[in-house]
Amino acid sequence: MEEGTLKSPSHCEVTIGQADEYGDTDPYQWDTREDCEVRQILDRIADKWSLLVIALLDRRVWRFSELRREIDGISQRMLTVTLRQLERDGLVKRTVHPVVPPRVEYELTALGRTLHTTIRSLVTWTESHQSEIAEARADYDVREAAAAETAA
């Protein structure tokens, strides 16, 4: 472990001497430490399935089968895993109604709703810049094709 780095996995502080260069946090510090909870949480909530589930649950309470039908391409297993992880992190509440057959519903917790605000900001940014990104991709593809022709 690097000298000056805290050993606690719940505290992903900067290494002593790096605070001046990166301000309050060093993104390389949390990104390279497997035991860092910040990295684990970011990995979870930045997953494409988690983002979709959180976005849908912001609108209303959903049953499992409704979520599965609504999220194109997700398998039953992946939806189950995603919902369990989000529930474990306190972002989703699972309610089992004692009826036959059992009815299970999912909704965002108060904490999950605060995350949705951040996700919505990301979606808004993406919508605002999608044409610029498409243009950059096209420019890149042209440069790569030209480089491939030159190399051949």
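Every value quoted in this text rests on a predicted model; they were computed, and no experiment measured them. (Residues numbered from 1 in each chain as written. Predicted model: local features only at pLDDT ≥ 70, side-chain atom pairs only at ≥ 80, totals over all residues. Heavy atoms only, no water.)

Kindly report on the nonpolar core, identifying the contributing residues and their values.
Counting residues in hydrophobic clusters, the biggest one holds 21 residues, and the most contacted among them are Leu57, Leu67, Leu79, Leu83 and Tyr106. Listed by contribution, the elements that provide at least two residues to this core are helix H4 (48-57), helix H5 (64-70), helix H6 (76-88), strand E3 (103-108) and helix H7 (110-151). Looking at which element gives the most residues to this core, the answer is H4, with 5 residues. If we skip the residues at most four places from it in the chain, Tyr106 touches Leu57, Arg60, Val61, Trp62, Phe64, Leu67, Leu83, Val92, Lys93 and Arg94. (Core = buried A, V, L, I, M, F, W, Y, C linked by side-chain atoms within 4.5 Å. Buried < 20%, exposed > 50% of the residue type's maximum accessible area, 1.4 Å probe, protein only. Helix = DSSP H or I, 4+ residues; strand = E, 2+ residues; numbered from the N terminus. Contact = heavy atoms within 4.5 Å.)

So what's going on with the pairing of E3? Which residues, and what values?
Side chains of E3 alternate between two faces, with Val104, Tyr106 and Leu108 buried and Arg103, Glu105 and Glu107 left unburied. As judged from the 2 bridges shared by strand E1 (residues 62-63) and E3, these two strands associate in the antiparallel manner. Bridge assignment links Arg63 to a residue of E3, and that residue is Glu105. As paired strands, strand E2 (residues 92-97) and E3 are joined by 6 bridges and run antiparallel to one another. Of the residues in E3, the one forming a bridge with His97 is Arg103. Between the antiparallel neighbours E2 and E3 lie 5 residues. (Pairing = 2+ DSSP bridges.)

Residue-level account of H4, with values.
Among the residues making up H4, those that are buried are Trp49, Ser50, Val53, Ile54, Leu56 and Leu57. For H4, the angular spread of the buried residues around the axis is 165 degrees, confining them to a single face. N-cap assignment for H4: the residue whose side-chain oxygen lies 2.9 Å from the backbone N of Trp49 is Asp47. (Arc of directions from axis to C-beta. Polar contact = N/O pair within 3.5 Å; in protein donor to acceptor, adjacent residues only side chain to side chain.)

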